[in-house]
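What the coordinates show
Spelled out, the chains give:
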Amino acid sequence: MELKQKLQLLMARRSLNGQKLARLSQVSDSEISRILQGKSRPGLDNALRLAQAVGVSLDFLADDTMEAEPSPPEDALSSEERKLLGVSQKIGCTEALAILENVRFLGYEVAMSRLVGAKPVIEIDKDAADPRVSHTPPAPHLSRAPASAGVSA
């Protein structure tokens, strides 16, 4: 199917006439008229604008041997990669890059050991939360060295 036929079909699907397509694509009315009559082929810039205006790829619009728009490729991202992409979009590109740079700088192993071995900032005394438990402070534990450990004179 030729460019002019594809363009006419796509314009009909979207209820566009030449003037509406000209406004959408920012291609002149006269250029669109020449293309639809088969008297002209658009340059790269105009062809791209026309393809975007009618919602097809430039390949499909420009290649007379292609009869149908190719189906989009399957998503190559895994669900984990998609989650990571979503998180990075939420926190922002600058912050995500800073985090990745810090992890790279520290090294994965060091970063993971710091995360896993981190001590909590606040420690909760479970006995203090239980009203049945007496809240008397524990007796201090003094360590005393055994008598045999003394310094001999």
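Residues numbered from 1 in each chain as written. Predicted model: local features only at pLDDT ≥ 70, side-chain atom pairs only at ≥ 80, totals over all residues. Heavy atoms only, no water.

1. A word on the overall build of the protein
To keep things clear, this is the line we draw: Helix numbers and strand numbers start at the N terminus; a helix is a DSSP run of H or I with at least 4 residues, a strand a run of E with at least 2. Burial classification: accessible surface area is computed with a 1.4 Å probe over protein chains only, and a residue below 20% of its type maximum counts as buried, one above 50% as exposed, and the rest as partly exposed. The protein chains shown are the only cover counted for residues, whose accessible areas, like all others here, come from Shrake-Rupley with a 1.4 Å probe.
A tally of regular secondary structure across the protein gives 9 helices and 0 strands. Counting from the amino terminus, helix and strand elements in the protein follow one another as α-α-α-α-α-α-α-α-α. With 153 residues in all, the protein has 18% of them scored as buried. Per element, the accessible surface of the protein, about 12500 Å² overall, is 58% carbon and sulfur.

2. Digging into the side chain of Ser-40
What counts is decided by this rule: Distance and chemistry together define a polar contact, namely a pair of N or O atoms within 3.5 Å, with one atom able to donate a hydrogen and the other to accept it when in protein, and with adjacent residues in sequence counting only for side-chain atoms on both sides. Throughout, a contact is declared for two residues whenever any of their heavy atoms are within 4.5 Å.
Considering the arrangement of structural elements, one finds Ser-40 in the loop between α3 (29–36) and α4 (44–54). A polar contact is formed between the side chain of Ser-40 and the side chain of Glu-31, at a distance of 3.4 Å. Residues in contact with Ser-40, not counting those within four places in the same chain, are Glu-31, Arg-34 and Ile-35.

3. Some points on the pattern of salt bridges
What counts is decided by this rule: The salt bridge criterion pairs a side-chain nitrogen of Lys or Arg with a carboxyl oxygen of Asp or Glu, the two atoms within 4 Å.
This model, assessed by the stated rule, comprises 3 salt bridges. Between Arg-34 and Glu-31 there is a salt bridge, and its shortest N-O distance comes to 2.8 Å. Residue Arg-34 and its partner Glu-31 are located together in helix α3, separated by 3 residues, close to a single helical turn. Under the relative-accessibility criterion, Glu-31 is labelled buried at 10%. Note that Asp-64 and Arg-41 form a salt bridge whose closest N and O atoms lie 3.6 Å from each other. Of this pair, Asp-64 sits in the loop between α5 (58–62) and α6 (79–91) while Arg-41 sits in the loop between α3 and α4, placing them 23 residues apart in sequence. Residue Asp-64 is classed as partly exposed on the basis of its relative accessible area, which comes to 31%.

4. Some details on the confidence of the model for the protein
To keep it simple, the criterion reads: The pLDDT value expresses, per residue, how confident the predictor is, ranging between 0 and 100.
Within the protein, residue pLDDT values average 77, and 73% of them lie at 70 or more. Scored below 50 in pLDDT, residues 139–145 makes 0 contacts in the model with residues more than four places away or belonging to other chains. Within the model, the stretch residues 147–153 combines pLDDT values under 50 with 0 contacts to residues more than four positions away or in other chains.

5. So, the packing of helix α2 (residues 18–25) against α4
Rules: Note on geometry: axes are lines fitted to C-alpha atoms, helical ones only across the stretch in contact, with angles between N-to-C directions running from 0 to 180 degrees. An angle below 35 degrees is read as roughly parallel, one above 145 as roughly antiparallel, one from 65 to 115 as roughly perpendicular, and any other as oblique.
Viewed as axis vectors pointing N to C, α2 and α4 meet at an angle of 110°, and their least axial separation amounts to 9 Å. The angle between α2 and α4 places the two elements in the roughly perpendicular class. Along the contact surface, α2 presents Leu-21, Leu-24 and Ser-25, while α4 presents Arg-49, Leu-50, Ala-53 and Val-54.

6. Topic: α4
Short version of the rule: It is the directions from the helix axis to the C-beta atoms that the arc portrays.
Where α4 is concerned, the buried positions are Ala-47, Leu-50, Ala-51, Ala-53 and Val-54. With its buried residues spanning 165° around the axis, α4 presents them on a single face. In α4, the exposed residues that point more than 90 degrees away from the buried face are Leu-44, Asp-45 and Gln-52. Close packing links the buried residues of α4 with α1 (3–13), α2, α3 and α5. Gly-55 lies just past α4 and shows a positive phi near 75°.

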